[in-house]
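Each chain, letter by letter, is given below.
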Amino acid sequence: MFVLRFERRAARRPEPGSRRAAGPRSGFTGRTGAFPCAARPESVPVPRYGLSLMTNRSPFGKILPRPMENQTLFEKVWDSHVVRSEPDCPTVLYIDLHLIHEVTSPQAFQSLRSRGLVVRRPDRTVATTDHIVPTTGQTYSITDPVAAKMVAALEKSCAEFGIRLYGIGRPEQGIVHVIGPELGFTQPGMTIVCGDSHTATHGAFGSLAFGIGTSEVEQVLATQCLLQRRPRTCEIRIDGSFKPGVTSKDIILALLAKIGVDGGTGHVFEYRGSTIRALNMDERMTICNMSIEGGARAGMIAPDDTTFEYLSGRPFAPKGLAWEEALAAWRKLESDAEARFDKTITMNASELEPMITYGTSPGMGIPVSGRIPEPGSLGDASQRDALAKALAYMDLKPGQPIAGRPIDTVFIGSCTNSRMTDLRQAARIFSGRRVSPGVRVLVVPGSRAIKSEAEAEGLDRVFRDAGAEWREPGCSMCIAMNGDELGPGQYCVSTSNRNFEGRQGKNGRTLLASPLTAAASAVAGAVADPRHYL
Amino acid sequence: MGLRTITSRMVALPYENVDTDQIIPARFLKTTERSGMGKLLFHDWRYDPAGNPRPDFILNRPEIAGAAILLAGNNFGCGSSREHAPWALADFGFRAIISTSFADIFRNNCLKNGILPVLVGRAVHQELFALAAADPNAEVTIDLEDQTLSHPNGLRAEFPIDAFSKKCLIEGVDDMGYLLGQLRRITEYEERLLK
Ligand code: SF4
């Protein structure tokens with residue numbers, strides 16, 4: 001089914017000093033300079049072998065575990081990927097898997113070409129189109145000429161450098177953070193990057209996964225490595241079991257409300273505790289996905305039997321003996337009993353209620369049964385200003401209950417909540433009910449595979465019968481680049497991850513919530529508590 | 001062109017948690033270029049729905065012409081990893097951003113585009129906002145070599161930056177060269193991986 005080429009291209013030998021900067025870079029010459037650690041550029045060795053992800057051996061088994069004790073999951077993964085670390089220089093970190101998409105890669109490929117470089121490991125690079133693809137009738141050509149140009153640019157680069165691309169029309173196509181795990185590319189112990197901040201999603205498998213900018217995309221394309229400073233670690237310990245109507249989305253929204261959107265800056269989160277252990281992979285991904293919303297570099301969950309069961313038999317997961325080897329290594333990834341974290345935050349899941357945001361940052365969340373906070377209740381002047389500004393944008397009044405606020409749109413989708421677990425939750429509420437008149441509901445599956453699976457289960461009929469639109473896979477209204485967007489002033493209960501001003505369309509207003517809360521609100525025509533619909 | 005010292009007026013933007021969707025909205029990411037983004041900087045704050053500049057928004061005021069320093073609120077640059085944000089800031093003319101904290105990815109992206117993130121404490125931060133409010137023409141000097149920020153009124157603060165980034169900024173080089181210098185080690189690592 002998967003026809004792949006693993007041939008490795010010989011890297012062109014760049015002449016020292018012949019590299020040029022691509023395009024204007026405000027003051028940057030792109031020159032290779034003398035660095036503090038006095039490393040000199042070496043000639044580029046011609047690679048001698050091909051190494052593929054789809055191997056019958058585990059590419060990671062021989063590196064892990066480290067013969068050290070008292071390490072955290074993060075430290076184990078980080079240490080096993082250090083290519084070089086010297087004083088006064090950032091660490092050269094090896095990247096196992098590089099995911100790319102049409103929006104943050106074109107400039108990286110252009111720059112790569114203009115420096116005369118090639119993609120070092122096309123076999124460790126995976127591309128999809130998701131951000132700007134239409135979610136209606138993808139089999140037809142993209143009507144937006146700029147979007148078409150970006151998709152064409154990615155297709156051209158992938159063909160030129162031998163990168164596998166799961167573009168429109170392919171059965172594997174979908175949101176980059178949905179298809180990575182689905183196809184088994186995402187594996188425990190890996191380092192994974194993507195030019196997209198929600199790369200943290202893959203941390204649910206015990207990988208170290210984080211978002212990077214376009215310059216870094218280019219660096220990974222050229223060298224399969226990144227320059228990184230070692231982040232600190234933060235344990236997020238969550239124990240207890242949920243009350244009905246509470247989902248993993250509510251855990252992460254509650255965490256963000258507690259720590260704020262910069263509570264994790266400079267840290268990698270490791271989510272632990274009995275609550276996390278009881279979650280399935282879809283639910284774990286929802287939590288890790290929004291780690292970036294707390295400012296964390298990444299969010300990780302140690303792999304366990306739930307993880308292995310999910311991965312077993314996936315197209316790119318190790319097979320046979322390699323699977324056994326991989327399992328043995330993966331089981332050692334868990335943080336050691338005596339491992340120390342730089343910081344610990346604890347939460348009790350049994351106290352949680354369904355959450356929703358009322359403001360313009362994901363940390364502005366309250367229980368759906370709660371009231372919109374008063375700016376005057378905050379001690380810090382800049383926080384007061386931020387809240388007042390957010391409420392002005394949202395046109396919401398302090399002290400009012402959030403439930404009952406009329407809405408225009410409901411979006412169920414995005415790399416946060418577009419998987420089978422999410423769709424089943426939404427369908428549970430929609431089943432036998434109708435969307436409130438005048439409310440537009442978009443249900444956008446995360447991938448074509450999810451779309452097929454949902455249709456096989458009959459979920460599409462539940463959504464359609466309720467009056468919701470059942471769309472093709474893509475990012476859609478999470479980022480509103482493909483034409484799916486809010487009108488000015490409209491309110492949307494959304495299962496996505498960002499409620500920033502204009503995120504879902506210019507002057508649109510986003511309230512982040514779980515699929516249960518989103519579906520209940522669609523039926524009510526206003527923000528609603530899902531517990532009344534279960 | 002390296003960066004050693006900057007003396008400039010400050011453009012004060014006193015908002016917390018400014019995300020990269022505000023710095024440059026997602027609809028402008030529909031491009032395969034990286035130049036000419038300065039005119040899109042803070043687009044939806046800067047222009048009214050008809051596309052006319054809002055005269056009260058700081059970036060539209062005549063007195064900030066040529067300013068190279070942005071004085072920003074806490075946790076500047078959070079959200080999306082889009083490098084279009086520093087591209088737009090650099091294209092507009094900013095060479096340094098002062099704040100009490102920066103989002104990690106944004107900070108990295110700035111350093112890769114010749115923009116210096118200047119981290120200051122709360123007290124200095126407030127003092128700078130007061131200074132900018134009292135005298136929009138007040139010029140501060142950022143000396144990267146010494147890692148100091150100062151004003152003739154006696155204000156002086158040191159800021160941290162790692163040696164590597166400092167060197168890259170001062171020499172105006174991008175760090176791809178360093179990475180390309182590691183290729184032998186990278187190959188060795190890959191060979192170890194296979195054994
Ligand atoms: S669904 Fe949204 S957050 Fe996820 S990758 Fe797409 S645009 Fe980014």
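Everything below is about the structure printed above this text.
The following paragraphs examine the structure supplied in this document. (Residues numbered from 1 in each chain as written. Chains lettered and ligands numbered in written order. Predicted model: local features only at pLDDT ≥ 70, side-chain atom pairs only at ≥ 80, totals over all residues. Heavy atoms only, no water.)

1. Comments concerning the overall build of chain B
Turning to step 1, where the next piece is worked out: Within chain B one finds eight helices and seven strands.
Turning to step 2, where the next piece is worked out: In summary, chain B has a C-alpha radius of gyration of 18 Å against a globular reference of 16 Å for 195 residues, a match within 12%.
Turning to step 3, where the next piece is worked out: Over its C-alpha atoms, taken along the principal directions, chain B stretches across nearly 65 × 45 × 30 Å.
Turning to step 4, where the next piece is worked out: Looking at chain B as a whole, 67% of its 195 residues are labelled buried.
Turning to step 5, where the next piece is worked out: Long-range contacts, defined here as pairs at least 24 residues apart, represent 65% of the contacts in chain B between residues at least 6 apart.
Turning to step 6, where the next piece is worked out: With the model as given, the accessible surface of chain B reaches about 6800 Å², and the carbon-plus-sulfur share is 51%. (Helix = DSSP H or I, 4+ residues; strand = E, 2+ residues; numbered from the N terminus. Rg over C-alpha atoms; globule rule 2.2 N^0.38 Å. Buried < 20%, exposed > 50% of the residue type's maximum accessible area, 1.4 Å probe, protein only. Contact = heavy atoms within 4.5 Å. Areas by Shrake-Rupley, 256 points an atom, 1.4 Å probe, with all protein chains shown as cover.)

2. Thoughts on the nonpolar core
Turning to step 1, where the next piece is worked out: By size, the foremost hydrophobic cluster in this structure holds 92 residues, and its most contacted members are Phe 430 and Phe 463 of chain A together with Phe 42, Phe 76, Leu 89, Ile 97 and Phe 106 of chain B.
Turning to step 2, where the next piece is worked out: Here this core spans two domains, since at least three of its residues come from each of domain 1 (73–228) and domain 3 (371–532) of chain A. (Core = buried A, V, L, I, M, F, W, Y, C linked by side-chain atoms within 4.5 Å. Domains from an automatic or database assignment.)

3. A short note on the sheet that holds strand 4 (residues 125–128) of chain A
Residue and element names in this part refer to chain A.
Turning to step 1, where the next piece is worked out: Spatially, the five strands line up as an open sheet ordered 5-4-3-6-7, and their pairing is parallel. Only two strands of the sheet have a single partner each, and these edge strands are strand 5 (164–166) and strand 7 (208–211). Averaged over all adjacent pairs, the angle separating strand axes in this sheet is 20°, with direction ignored. (Pairing = 2+ DSSP bridges. Axes fitted to C-alpha atoms, helices over the stretch in contact; angles between N-to-C directions.)

4. Let's talk about the sheet that holds strand 1 (residues 82–84) of chain A
All names here are of chain A.
Turning to step 1, where the next piece is worked out: Reading across the sheet, the three strands line up as 1-2-8 and stay open at both edges, with antiparallel pairing between neighbours. Only two strands of the sheet have a single neighbouring strand rather than two, namely strand 1 and strand 8 (225–228). For this sheet, the mean inter-axis angle between neighbouring strands, taken without regard to orientation, is 40°.
Turning to step 2, where the next piece is worked out: Looking at chain direction, strand 2 (residues 91–94) and strand 8 are connected through four bridges and run antiparallel.

5. Observations concerning the environment of Ser 476 of chain A
Residue and element names in this part refer to chain A.
Turning to step 1, where the next piece is worked out: Structurally, Ser 476 can be placed in the loop between strand 17 (469–470) and strand 18 (491–494).
Turning to step 2, where the next piece is worked out: Placed 37 residues apart in sequence, Ser 476 and Ala 513 show a C-alpha to C-alpha distance of 17 Å.
Turning to step 3, where the next piece is worked out: With residues up to four places along the chain from it excluded, the contact list for Ser 476 reads Thr 135, Phe 411, Leu 442, Val 444, Met 481, Asn 482 and Asp 484.

6. Notes on the packing of helix 6 (residues 248–259) of chain A against helix 8 (residues 281–289) of chain A
Residue and element names in this part refer to chain A.
Turning to step 1, where the next piece is worked out: For the pair helix 6 and helix 8, interaxial distance at closest approach is 8 Å and the crossing angle is 20°. Accordingly, the angle class assigned to the pair helix 6 and helix 8 is roughly parallel. As for the relative orientation of helix 6 and helix 8, their crossing is right-handed in sense. Contacts between helix 6 and helix 8 involve Ser 248, Lys 249, Ile 251 and Ile 252 from the former and Glu 283, Thr 286 and Ile 287 from the latter.
Turning to step 2, where the next piece is worked out: A breakdown of the residues in the contact of helix 6 with helix 8 according to their chemical character gives three nonpolar, two polar and two charged. (Parallel < 35°, antiparallel > 145°, perpendicular 65-115°, else oblique. Left-handed = near helix turned anticlockwise from the far one by under 90°. Nonpolar A, V, L, I, M, F, W, Y, C, P; charged D, E, K, R; others polar.)

7. With respect to the side chain of Asp 143 of chain B
Residues and elements named next belong to chain B.
Turning to step 1, where the next piece is worked out: The topology assignment puts Asp 143 in strand 5 (residues 139–143).
Turning to step 2, where the next piece is worked out: At 7.3 Å, Arg 156 is the nearest oppositely charged side chain to Asp 143, a buried residue that forms no salt bridge.
Turning to step 3, where the next piece is worked out: A polar contact is formed between the side chain of Asp 143 and the backbone nitrogen of Asp 146, at a distance of 3.1 Å. (Lys, Arg positive; Asp, Glu negative; His and termini not counted. Salt bridge = Lys/Arg side-chain N within 4 Å of Asp/Glu carboxyl O. Polar contact = N/O pair within 3.5 Å; in protein donor to acceptor, adjacent residues only side chain to side chain.)

8. Here we look at the layout of surface pockets
Think of a ball as big as a water molecule: rolled over the atoms, this probe shows where empty space is left.
Turning to step 1, where the next piece is worked out: Of the pockets and cavities examined, the largest pocket occupies roughly 540 Å³.
Turning to step 2, where the next piece is worked out: Surrounding the largest pocket, 20 residues form its lining, Arg 229, Thr 265 and Gly 266 of chain A together with Asp 104 and Arg 107 of chain B being those nearest its centre.
Turning to step 3, where the next piece is worked out: Counting residues per element, the ones that place at least two in the lining of the largest pocket are strand 8 of chain A together with helix 4 (104–111) and strand 4 (116–119) of chain B.
Turning to step 4, where the next piece is worked out: It is helix 4 of chain B that contributes the most residues to the lining of the largest pocket, three residues altogether.
Turning to step 5, where the next piece is worked out: Counted by class, the lining of the largest pocket contains seven nonpolar, six polar and seven charged residues.
Turning to step 6, where the next piece is worked out: In this model, the second largest pocket occupies a volume close to 470 Å³.
Turning to step 7, where the next piece is worked out: Along the walls of the second largest pocket sit 25 residues, with Gly 260, Met 364 and Gln 383 of chain A together with Glu 16 and Asn 17 of chain B positioned nearest its centre.
Turning to step 8, where the next piece is worked out: At the level of elements, helix 6, strand 14 (365–367) and helix 11 (381–394) of chain A are the ones that each hand at least two residues to the lining of the second largest pocket.
Turning to step 9, where the next piece is worked out: Looking at the lining of the second largest pocket residue by residue, the class counts come to 11 nonpolar, 10 polar and four charged.
Turning to step 10, where the next piece is worked out: Domain assignment of the residues forming the lining of the second largest pocket places at least three in each of domain 2 (232–306 + 326–351) and domain 3 (371–532) of chain A. (1 Å grid on protein atoms, 1.4 Å probe; cavity = no way out; pocket = protein on both sides within 12 Å on 5 of 7 lines; lining within 4 Å. Points joined across faces, edges and corners; volume = space filled by probe spheres on them.)

9. Section: the environment of Thr 517 of chain A
Turning to step 1, where the next piece is worked out: With respect to the element layout, Thr 517 of chain A can be found in helix 15 (residues 515–524).
Turning to step 2, where the next piece is worked out: With 320 residues separating them along the chain, Thr 517 of chain A and Ser 197 of chain A place their C-alpha atoms 25 Å apart.

10. Section: empty space enclosed by the protein
Turning to step 1, where the next piece is worked out: In the structure shown here, the tally under the stated rule is seven cavities of 30 Å³ or more.
Turning to step 2, where the next piece is worked out: Size it by volume and the largest cavity reaches roughly 210 Å³.
Turning to step 3, where the next piece is worked out: Residue lining of the largest cavity: 23 residues in total, with His 131, Asp 196, His 198, Ile 479 and Arg 503 of chain A positioned closest to the centre.
Turning to step 4, where the next piece is worked out: Taken together, the residues of the lining of the largest cavity sort by class into seven nonpolar, 11 polar and five charged.
Turning to step 5, where the next piece is worked out: When we break the lining of the largest cavity down by domain, the ones giving at least three residues each are domain 1 (73–228) and domain 3 (371–532) of chain A.
Turning to step 6, where the next piece is worked out: In this structure, the second largest cavity spans a volume of roughly 180 Å³.
Turning to step 7, where the next piece is worked out: Broken down by secondary-structure element, the contributors of at least two residues to the lining of the second largest cavity are helix 5 (214–223) of chain A together with helix 4 and helix 6 (163–171) of chain B.
Turning to step 8, where the next piece is worked out: Ranked by residues supplied to the lining of the second largest cavity, first place goes to helix 5 of chain A with four residues.
Turning to step 9, where the next piece is worked out: Looking at the lining of the second largest cavity residue by residue, the class counts come to eight nonpolar, four polar and eight charged.

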